[in-house]
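# A structural walkthrough
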Amino acid sequence: MTFNRPIFKKILLCACLATSLGTFAAEHTVNTKYGNVKVNDDVKRIVTLSEDALDSAIALGFKPLAAVATRGGDSVAEYIQERVEGISIVGTSRQNNLEAIAAQRPDLILASASLSKDQYSILSKIAPTIVPNSPGMVADAWITLAQVYADALNKTEEMNVILADIEKRASNLKDKIATKLPEAERSATLARWMPQGPVVMSSQIFSTDMLASVGFEINDAGVIKEGRPHSSPLSLENLSKVDSDWLFLATLNTEGKDALDAAKTSPSFSRLNVVKNDHVVTVNGQLWTSAAGPLAAHAILDNIQTVIDTKIK
Amino acid sequence: MINHSLSMPDTPLDASTPDGYRLISIGQYAHILIEKQAIIRNTWLLILLFCASVITLGSGTMAISPKEVVAVLFGQGNTMSQFIVQDIRFPRLMAAIYTGAAFSLAGCLMQTMARNRLATPGIIGIDNAAMAFAVSSVVGMGISLAPSFMALAGAATATALAFGLAGGSGTRGYRFIVAGIGIGAIAGSVTQLLLSQVSIDVANSAYPWTVGSLSARDPFMVNVLGIGIAICVIGCLLFSTQFALLPFSDQVITGLGANIKHIRIIALILCITLTGLAVAVAGPVGLVALVGPEIARVLSRYRGIPLISSALTGALVMMLSDLFGRTVLSPIELPVGIVTAVVGGPYLIWILVRRSSRSSL
Amino acid sequence: MLSWFIKTPAQRPLFYVLVSALLVLALCCLLSLLFGAGGLTPQASLQTLLGNGTADDEFTVFHLRSTRTLIGLFVGLTLGIAGALMQAVARNPLAEPGLLGVSAGSSFAVAMALVMGASTATLTVGIAQLGALIGCICVLGAARMQGQHNDPIRLVLAGAALSSLLLAMTSLILLFDQRAADEIRFWVTGSVAGRDTNTLMSVLPSMLVAVACILYSAKPLASLALGERVAIGLGHKPRRIRGVIIVAVALLVGGATAIAGPVAFIGLVVPFAARALVGPDIRRTLWLCLPLGPIIVITADIISRLVAQPAEMPLGVLTAIVGAPVLLLIVRSRRLPTL
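Residues numbered from 1 in each chain as written. Chains lettered and ligands numbered in written order. Predicted model: local features only at pLDDT ≥ 70, side-chain atom pairs only at ≥ 80, totals over all residues.

With that out of the way, let us pick up the overall build of chain A. Regarding its fold elements, chain A presents 13 helices and 13 strands. The buried share of chain A, reckoned over its 313 residues, is 51%. (Helix = DSSP H or I, 4+ residues; strand = E, 2+ residues; numbered from the N terminus. Buried ≥ 20, exposed ≤ 12 C-beta atoms within 10 Å, placed from the backbone.)

The next thing to look at is the overall build of chain B. Scanning chain B for helices and strands turns up 15 helices and 2 strands. Relative to its 361 residues, chain B shows a buried fraction of 58%. Contacts in chain B between residues at least 24 apart in sequence constitute 73% of all its contacts with a sequence separation of at least 6. (Contact = placed C-beta atoms within 7 Å.)

If you trace the backbone, C:Val156 turns up in helix α7 (residues 152–175). Separated by 57 residues in sequence, C:Val156 and C:Leu99 place their C-alpha atoms 6.7 Å apart. Aside from chain neighbours lying at most four places away, what touches C:Val156 is B:Val178, B:Ile181, C:Leu94 and C:Leu99.

A separate point is the domain arrangement of chain A. It is common to give the size of an interface as the accessible area that goes away when the parts come together. All names here are of chain A. Taken as a whole, chain A is organised into domain 1 (24–154) and domain 2 (170–310). Between domain 1 and domain 2, the contact holds 20 residues from the first and 16 residues from the second. Put simply, the parts of the chain that give the side of domain 1 that touches domain 2 at least two residues each are α2 (51–59), α3 (78–81) and α6 (141–152). Among the elements that make up the side of domain 1 that touches domain 2, the one with the highest residue count is α2 (6 residues). (Domains from an automatic or database assignment.)

In this section: the packing of helix α4 (residues 126–138) of chain B against helix α12 (residues 260–282) of chain B. Residue and element names in this part refer to chain B. The contact between α4 and α12 brings their axes to 10 Å, and the two run at 35 degrees. Considering how the two elements wind past one another, α4 and α12 form a crossing that is right-handed. Of the residues in α12, those touching α4 at Ile 126, Asp 127 and Ala 130 are Ile 272, Thr 275, Gly 276, Val 279 and Ala 280. Partitioning the contact of α4 with α12 into residue classes produces 5 nonpolar, 2 polar and 1 charged. (Axes fitted to C-alpha atoms, helices over the stretch in contact; angles between N-to-C directions. Left-handed = near helix turned anticlockwise from the far one by under 90°. Nonpolar A, V, L, I, M, F, W, Y, C, P; charged D, E, K, R; others polar.)

Right, let's talk about the environment of C:Ala300 for a bit. Mapped onto the elements, C:Ala300 comes out in helix α13 (residues 282–306). In this structure, the C-alpha to C-alpha distance between C:Ala300 and C:Ile241, residues 59 residues apart in sequence, is 33 Å.

Mapped onto the present numbering, the UniProt feature "transmembrane region" (unreviewed entry) falls on residues 44–64, 90–110, 122–143, 176–200, 220–245, 265–292, 304–324 and 336–353 of chain B. Helix makes up 100% of residues 90–110 of chain B and strand 0%. Its end C-alpha atoms lie 30 Å apart. (UniProt positions renumbered as here; feature names shortened; annotations may be inferred.)

Most of strand β12 (residues 246–251) of chain A sits inside the fold, with 6 of its 6 residues counted as buried. What you see with β12(A) is no split at all: A:Trp246, A:Phe248 and A:Ala250 on one side and A:Leu247, A:Leu249 and A:Thr251 on the other are buried throughout.

Moving on, we come to α12(B). If you check α12(B), its first and last C-alpha atoms are 33 Å apart, about what 23 residues at 1.5 Å a residue would give, namely 33 Å. Of the residues one or two after α12(B), B:Gly283 is the one with positive phi, at around 80 degrees. (Expected span 1.5 Å × (residues − 1).)

Let us now look at the environment of C:Ala308. Examined against the element boundaries, C:Ala308 turns out to sit in the loop between α13 and α14 (315–334). Spatially, the C-alpha atoms of C:Ala308 and C:Ala37 are 7.9 Å apart, while their sequence positions differ by 271 residues.

Of all hydrophobic cores here, the largest spans 324 residues; its most connected members are A:Ile109, A:Leu110, A:Tyr149, B:Ala102, B:Leu105 and C:Val249. Broken down by element, this core gets its largest block of residues, 20 residues, from helix α3 (residues 79–114) of chain B. Both domains that furnish three or more residues to this core are identified here as domain 1 (24–154) and domain 2 (170–310) of chain A. Contact partners of A:Ile109, with chain neighbours within four places excluded, come to A:Val47, A:Leu49, A:Ile101, A:Leu123, A:Ile126, A:Ala127, A:Thr129 and A:Ile130. (Core = buried A, V, L, I, M, F, W, Y, C linked by C-beta atoms within 7 Å.)

Residues and elements named next belong to chain A. Residue-level pLDDT values for chain A average 81, and 83% of them are 70 or greater. At the level of individual helices and strands, chain A shows its lowest average pLDDT in helix α1 (residues 5–19), which scores 48, and its highest in strand β6 (residues 108–110), which scores 94. When the criterion is pLDDT under 50, residues 8–23 qualifies, and its contacts beyond four places in sequence or with other chains add up to 17 contacts. (pLDDT = per-residue confidence, 0-100.)

Here we come to unusual backbone geometry. All names here are of chain A. Positioned with a positive phi, Asn 154 is a non-glycine residue whose angle comes to about 60 degrees. Tracing the backbone through its elements, the reader meets Asn 154 in the loop between α6 and α7 (156–180). For Asn 154, a count of 20 C-beta atoms within 10 Å gives the class buried. Within the chain, Asp 278 stands out as a residue other than glycine whose phi angle is a positive 60 degrees. As for its position among the elements, Asp 278 is in the loop between α11 (273–276) and β13 (280–284). Overall, Asp 278 belongs to the exposed group, with 8 C-beta atoms counted inside 10 Å.

Residues and elements named next belong to chain C. Spanning 13 residues, helix α12 (residues 266–278) covers 18 Å between terminal C-alpha atoms, matching the ideal 18 Å at 1.5 Å per step. Here α12 lies mainly inside the structure; 11 of its 13 residues are buried. Count one or two residues on from α12 and you reach Gly 279, which has phi positive near 85 degrees.

As a further point, take the pairing of β13(A). All names here are of chain A. Of all 5 residues in β13, 4 are buried, a share of seventy percent or more. The sheet contact formed by β12 and β13 spans 5 bridges and is parallel. Of the residues in β13, the one forming a bridge with Leu 247 is Val 280. (Pairing = 2+ DSSP bridges.)

Attention shifts here to the packing of α4(B) against helix α5 (residues 147–166) of chain B. All names here are of chain B. Two numbers describe how α4 lies on α5: the axes approach to 7 Å, and their chain directions differ by 140 degrees. One way to sum up the angle between α4 and α5 is to call them oblique. Crossing angle aside, the handedness with which α4 passes α5 is right-handed. Side by side, α4 and α5 meet where Ile 126, Ala 129, Ala 130, Ala 132, Phe 133, Ala 134, Ser 136, Ser 137 and Val 138 of the first sit next to Pro 147, Met 150, Ala 151, Ala 153, Gly 154, Ala 155, Thr 157, Ala 158 and Thr 159 of the second. When the residues that make up the contact of α4 with α5 are grouped by side-chain class, the tally is 13 nonpolar, 5 polar and no charged. (Parallel < 35°, antiparallel > 145°, perpendicular 65-115°, else oblique.)

In this section: the confidence of the model for chain B. Residues and elements named next belong to chain B. Per-residue pLDDT for chain B has a mean of 81; in total, 85% of the residues score no lower than 70. Looking at the elements of chain B, mean pLDDT is at its lowest for strand β2 (residues 30–35), recorded as 69, and at its highest for helix α14 (residues 307–327), recorded as 92. The low-confidence segment residues 1–15, where pLDDT is below 50, has 20 contacts with residues more than four positions distant or belonging to other chains. Model confidence for the complex: the whole-complex pTM is 0.82, and ipTM, which rates the interface, is 0.77.

Written as structure tokens, this is what we have:
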């Protein structure tokens, strides 16, 4: 059962050529976590293995063949579902199905920054695989990722336009907030509620970035230590630290109101000033704590706009 | 039980070879007593393993006919089947065979030593510690080593701790087992702690290490495991006459002139090496160690200690479990650890509730 | 005065030991009110207790800390007694609800409930108790299996195997439901924080049943310790006693698990300490388990608040780290005695 490796490699080379058949177009090089990857300028068959990659690809006008299911669902995230009807699912956020990916015969695979080396070594034989360098937990990490994916898709210019558009929209909202809300009342916290206490999201994830870009001051109670990219369960005794002017409460089930009601049964939650002032906004956890990318940015800005229109006098 | 006269291990065995056995001598010291029945049995198992391998290589999200599989194995076939079989399924198959054989062989040794069919290396903390270390690597607790190496380090740490705390193997390895259970409990809760501290995305990427999976394993570690198994199998064969004494009471073993302590330590070392390496490849898939040896014992009609048969049946169980996990909910893959739990679970409950089980093996 | 300390454990007067344990417990409760992960210092807490605190301080001391002290009291009480009962029934010093898969059964049932749509905040107690009962029955099967040669490890092995099976089944059902998976990863570490007294109230009825079971079977249980034949000779029915005790253990462990999540090793450590203090008679150890369980849980909880500020270390992790060495101690010191 030994393999004849050289022959095999030749055949595989033919396979790669065959998939990009006809279009002997120019290639460009993308810098990724596992080295430089050559990508055809004009890709057609894209498989995305992370939610931000899917979002970016769709935003740039591509229609990926396959993607991984979002957390807590068996298909892609709701906000994006109608734009990719009939998309194949090739795994979950926990485990990819390598065979199903190969069966799509992709010519480009966009993966998440956390793809393991072992998975990469197999996927890269199927098609050029883009694993972005993890920017880490820093502000605007999602923009870096979106730009890497755009680079791979050879649409850097288009992405810059999209990003500039988002920035413009955010600054419009920022102006609105600036006129409606005094500067001292703009602190905000993004959290999920657990009976043991709130899980405070870092001030450096995607949705808190968006909140910051419209003028909110993110308060993560200092629980997210430098270089420790986690959301930490906070002791109930320290709840006053997250008693900001605004509380965005993310829920994994779509019924945000249920989660809020459940949280309100806890006296330590209901006695917070932010709750008394009715400044708690329930938001969809799928979108706010899992997704990232230009389309998600617009969806979050939509949510924020609603808040400005309804909750701020 | 073994109703053949067994020669004393310390004296040369040339005097008499029991009925139905063949003696292979290497030099003056190494004597291997092989049961002829076992050779026939294991040959059948090997054939079965080979057929199952061909089926496994052909099944999955993309079905490939057995003919095509054979063609691919001889370097023919179309490029897509070439890729699927050679790059995805074959490494996975090897990982399944190696880990299944290792877990099951280790299980057989451990059960024989403890004279208890519920004693598996999986429950003595090795796999929990490996899991805790691998997860700590995945969730990025400032350690840059690959998860599989961390898993190996975890297994080694757990073993060292259990040995140190138990002060040797103790009677029937019991003290060691209990020490292992305690360490396993700590490691398990540390894993839970780590997982509750990180964002769910990171927790998700650590997921394969918490249940055991064969998808895209570290090829280097798979090769190391292959070598490890080869060495351990040779070790098992060399010491098979001594291991055959383990089911008897301590007095009998001592009466036969064997050093019970040494035998136990050797069995334990083999057992731990196998488990540690297997866990480093696949994560905790402990229940194979329960099911594999049991099937082997049934096949051998409870005569002797079916070490090699255990390894083969374990490989078979692992391979088929993974096949099931890959195909049943396609395109979503079930991790193999979950499949073995579901397969081994009902069997385990059967052992637990059965009124009078064969208490000794 | 201290002469009872010199006596062997079985000769010590239970009353004095019990009173001193209660005093220690009172001290633990006080400390539990004084220390926390928040900014409130012990001195300020003391002032608040004396009635000179702000509204915020009063909320922290009288609501947050007193509630979790109460919950800790309850969890320690139930798990300690459950451990003692289980060890008496199995006649095995290593029998512990966590080790034997009873907690794992409970976790499994809770995971099922979460998948069915419950949330950790609104979890019903009955489900956890049902799961505990199933775990108990499996272990009872294993306990009967031990037959003539009473082998403590066999039961532990069975429990460990059962636990690993139930944990794998739990991961299987969580595979299909990420929301449940996300909620349960906080629950499985075990904690006494953030539970309100309502949950406690909903457990109370089943606890009364458990107490009734214990009162009914305490004496026969003591005779059972002398051997099955002795018990029969004294006019007891061992099978029925065992059944009643198993139900009581399931109710106790299920109740504690529903409130705090799986907290391992309490049922091992508490009876071990109790036996070391007053000897092996179940009628004496059971009394002593009452204050000892809460002492251990509350102490562990206080430590868990202090080591990871401003967050908290989960209680279950801490008890495992404390409990595992005790497990070793038992195995090493007594060469696996039978009860």
